[in-house]
Amino acid sequence: MIFFSVCAVLFTSLWLYVLLAGADLGAGILEIFKGKKNRELQAEQEKLITKTLGPIWEVNHIWIILVIVILFIAFPHFFSEFAIIYHIPLTAILFGITARGSAFTFRHYDAIKDKWYEVYSAVFAWSSLWTVLWFGIIVGSLVLGEHTSSSATFAPRFLNPWFQPFPLLTGFFLASLLAFVAATFLLAETPTPSLRLLFRQRALFANALAIVLGLSLFAYAHFSHIFRLQLLFQNVYGRTCFLVSMLLLVPQWEAVALQKDRQLRYFGGLQLTLVLVGLLATLSPTLLTYSDGTAPILLEKTAAVPEATYRLLFIALCFGLVVILPGYFYLMRLFYFPRLQKQPEKF
Amino acid sequence: MVGLGFTLATVSLFLLACFFIRPEYLYRPLTLRLLALLTPCGFICLEAGWVVTEVGRQPWIIYKVMKVQEALTPMQGMQFSFFMYLALYGFLTFVVTWLFTRQLKASGNL
């Protein structure tokens, strides 16, 4: 029961991170395509992104930190192997996150608006894409599962698992998916009709790109015999998620056509959730597989972790969530539902 | 670190007392100068505390359980990772210093 609860918190945190940080990173990617001709529209987009994402981008780190802490405590074997094998991609992600966070903050707080503003914007936009690509590369290579154990030399252990076309393709697929989620997320917050139209077009374009890249991934997996992705169709949950996400495209496009922007946001979130759940259901219970015959690391209790550790972790998580969640919901309410607030009395 | 911490706490308590007893003291140039002087102290305390915990527990990464050497990743070429982080944070330090100077210079015109 305790182990199950810990896993539930782990997956919920992962889901929230993928969804919220996904929208955040996707907005950065969208900024690359903000257009150079119309200055006014460009400034409006930047203002909207800052206003919408300002309150959440830092809070999103709560979820990734929770994921890291739970993996570190409850699945130490996986955590250690993962951190060692993916040293290079994880370093690249850290560089990307540092660069985009700094640029976003500098852009917002620098009192002087001159040519440096453009530099901050460019760093924010391109490092968002950079970070997402590396996240996708890690996901792709986890699906690929061609890791080698500790006895291997540098390239087979630290480069070959991810330095391949399939993980890179996954990176671009993730980028398009997150751009789509971000476009739907921003769309519902957009006050001006011209900007709404722009984000609607972006959402549609990113969605079409995600479909093309997703199908290319399956085609590549089929021809290169990447059996772990093909498992998606054999697993009942994986198959259901895939079918539902495909069926959802119809009402989604209808929502675009009928300009139901708020509805479109839920579709964006749902699509990303389905991709995540389908992928996890297909890969579970394995966390990390090896191509050299070493036994895979599974999502299960290990002897290395005493029962008391799970119990303590569970208590710490309950306590932490009781502290975090009310503040978190209050923050969300303040920023996204300002009309619910009482107007302050006049001084 | 401890001395600075106590100084900060004492000054805060003193100013709190002033707020209730003699609020006009809060706006005296001497008080304002004292506050300006104490501004970096919080940061110095924070950094000093960090150095104490990091340097103080060497060579252990988990005190008396695991050594730093044992916790190090087996990946070769860790020095490149180190130099990269050093360059990144060196660059960020430069940028932040430049940004602060820029804001201060501009504050006269705002």
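What counts, and at which threshold
Residues numbered from 1 in each chain as written. Chains lettered and ligands numbered in written order. Predicted model: local features only at pLDDT ≥ 70, side-chain atom pairs only at ≥ 80, totals over all residues. Heavy atoms only, no water. Helix = DSSP H or I, 4+ residues; strand = E, 2+ residues; numbered from the N terminus. Rg over C-alpha atoms; globule rule 2.2 N^0.38 Å. Buried < 20%, exposed > 50% of the residue type's maximum accessible area, 1.4 Å probe, protein only. Areas by Shrake-Rupley, 256 points an atom, 1.4 Å probe, with all protein chains shown as cover. Lys, Arg positive; Asp, Glu negative; His and termini not counted. Charge placed at Lys NZ, Arg CZ, Asp CG, Glu CD. Patch = residues over 30% accessible without salt bridge, like charges linked within 9 Å, V, L, I, M, F, W, Y side chains within 5 Å. Salt bridge = Lys/Arg side-chain N within 4 Å of Asp/Glu carboxyl O. Phe/Tyr/Trp six-rings, centres within 6.5 Å; stacked < 30°, edge-to-face > 60°. Lys NZ or Arg CZ within 6 Å of the ring centre and 35° of its normal. Axes fitted to C-alpha atoms, helices over the stretch in contact; angles between N-to-C directions. Parallel < 35°, antiparallel > 145°, perpendicular 65-115°, else oblique. Left-handed = near helix turned anticlockwise from the far one by under 90°. Contact = heavy atoms within 4.5 Å. Nonpolar A, V, L, I, M, F, W, Y, C, P; charged D, E, K, R; others polar. Core = buried A, V, L, I, M, F, W, Y, C linked by side-chain atoms within 4.5 Å. Expected span 1.5 Å × (residues − 1). pLDDT = per-residue confidence, 0-100. Buried area = accessible area lost by both parts, 1.4 Å probe. Polar contact = N/O pair within 3.5 Å; in protein donor to acceptor, adjacent residues only side chain to side chain.

*Asks:* Got a sec to walk through the overall build of chain A? Specific residues and values, please.
*Replies:* From N to C terminus, chain A includes 14 helices and two strands. For chain A, the C-alpha radius of gyration of 21 Å lies close to 20 Å, the compact-globule estimate for 347 residues. Oriented by its inertia axes, the alpha-carbon framework of chain A measures out at about 65 × 50 × 40 Å. The buried share of chain A, reckoned over its 347 residues, is 49%. When the accessible surface of chain A is totalled, it reaches about 17,600 Å², and 73% of it is carbon and sulfur. Charged side chains of chain A number 25 positive and 18 negative; the gap between the two group centres comes to 6 Å.

*Asks:* Account for a nonpolar patch on the surface, with residues named and values stated.
*Replies:* Residues and elements named next belong to chain B. On the surface, Leu13, Leu16, Phe19, Phe20 and Ile21 cluster together into a nonpolar patch covering about 610 Å² of accessible area. Inspection of the secondary structure assignment puts Phe19 in helix H1 (residues 2–21). The exposure class of Phe19 is partly exposed, given its relative accessible area of 47%.

*Asks:* Give me the lowdown on the packing of aromatic side chains, citing residues and values where you can.
*Replies:* Summed over all chains, the structure comprises 22 aromatic pairs over all chains. When the ring of Phe72(A) is compared with that of Phe79(A), the centres are 5.3 Å apart and the planes differ by 70 degrees; the resulting orientation is edge-to-face. Aromatic pair Phe218(A) and Phe233(A): ring centres 5.3 Å apart, planes at 55 degrees, arrangement tilted. Remark: Phe233(A) occurs in helix H10 (residues 227–234) and Phe218(A) occurs in helix H9 (residues 193–223); sequence separation between them is 15 residues. Taking relative accessible area as the criterion, Phe218(A) reaches 22% and is therefore assigned partly exposed. Linked through ring pairs, Trp130(A), Trp134(A), Trp162(A) and Phe163(A) together constitute an aromatic cluster. For Arg265(A), the ring lying beneath its charged end belongs to Phe185(A), and the centroid distance is 4.5 Å. Positioned above the aromatic ring of Trp60(B) is the side chain of Lys67(B), whose terminal nitrogen or guanidinium carbon lies 5.5 Å from the ring centre.

*Asks:* So what's going on with unusual backbone geometry? Which residues, and what values?
*Replies:* Glycine aside, residues mostly have negative phi, and peptide bonds are mostly found in the trans state. A cis amide bond links Ser284(A) with the next residue in sequence, Pro285(A), at an omega value of 5 degrees. Residue position: Pro285(A) is located in the loop between helix H13 (261–283) and strand S1 (286–288). In this structure, Pro59(B) follows Gln58(B) across a cis peptide bond, with omega equal to 0 degrees. Locating Pro59(B) in the fold gives a position in the loop between helix H2 (29–56) and strand S1 (60–62). A positive phi angle is found at Lys64(B), which is not glycine, with a value near 60 degrees. Mapped onto the elements, Lys64(B) comes out in the loop between S1 and strand S2 (66–67).

*Asks:* Tell me about the packing of helix H1 (residues 2–32) of chain A against helix H2 (residues 39–57) of chain A, and please be specific about residues and values.
*Replies:* All names here are of chain A. Between H1 and H2, the shortest axis-to-axis distance is 10 Å and the interhelical angle comes to 155 degrees. With respect to their mutual orientation, H1 and H2 come out roughly antiparallel. The crossing of H1 and H2 is left-handed. Between H1, through Leu20, Ala23, Asp24, Ala27 and Glu31, and H2, the contact on the second element is made entirely by Glu46, Ile49, Leu53, Ile56 and Trp57. Class assignment for the residues of the contact of H1 with H2 results in seven nonpolar, no polar and three charged.

*Asks:* Can you lay out the pattern of salt bridges for me, pointing to particular residues and giving the numbers?
*Replies:* All names here are of chain A. Enumeration over the complete set of coordinates arrives at eight salt bridges over all chains. A salt bridge links Glu189 to Arg265, with the shortest nitrogen-to-oxygen separation between them at 2.6 Å. Placement of Glu189 in the loop between helix H8 (165–187) and H9 and of Arg265 in helix H13 is noted, with a sequence separation of 76 residues between them. Look at Arg265 and you get buried, because its relative accessible area is 16%. Between Glu307 and Lys301 there is a salt bridge; the shortest N-O distance is 3.2 Å. The exposure class of Glu307 is partly exposed, given its relative accessible area of 40%.

*Asks:* Outline the nonpolar core, listing residues and values.
*Replies:* Core analysis: the biggest nonpolar cluster contains 92 residues, and Ile70(A), Phe75(A), Phe78(A) and Phe166(A) have the highest contact counts within it. Per-element tally for this core: the top contributor is H1(A), with 15 residues. In contact with Phe75(A), other than residues within four places in its own chain, are Phe3(A), Cys7(A), Leu10(A), Ile70(A), Leu287(A), Leu299(A) and Glu300(A). Listed in part, the six residues of the second largest apolar core include Leu15(B), Cys18(B), Leu38(B) and Cys41(B).

*Asks:* Report on H9(A), specifying residues and quantitative values.
*Replies:* A rise of 1.5 Å per residue sets the reference length of H9(A), with its 31 residues, at 45 Å; its end C-alpha atoms lie 45 Å apart and thus fit the reference within 8%. The first or second residue beyond H9(A) is His225(A), which carries a positive phi of 55 degrees.

*Asks:* Explain the confidence of the model for chain A residue by residue, including any values.
*Replies:* Per-residue pLDDT for chain A averages 86, and the proportion of residues at 70 or more is 96%. Mean pLDDT in chain A bottoms out at H2(A), which sits at 78, and peaks at helix H6 (residues 115–144) of chain A, which reaches 92.

*Asks:* Mind laying out the interface of chain B and chain A, listing which residues take part and the relevant values?
*Replies:* Contacts between the two partners involve 19 residues from chain B, matched on the other side by 18 residues from chain A. Taking both partners together, chain B and chain A bury about 1,600 Å²; carbon and sulfur atoms supply 72% of that area. Broken down residue by residue, the surface that chain B buries against chain A is led by Met75(B), Tyr85(B) and Arg102(B), which jointly contribute 32%. Inspection of the chain B/chain A interface yields two salt bridges. Notably, a salt bridge pairs Arg102(B) with Asp110(A), separated by 2.9 Å at the nearest N-O pair. At the boundary of chain B and chain A, one finds five residue pairs in polar contact (both at pLDDT 80 or more). For the side of chain B that touches chain A, the class distribution of residues is 14 nonpolar, four polar and one charged.

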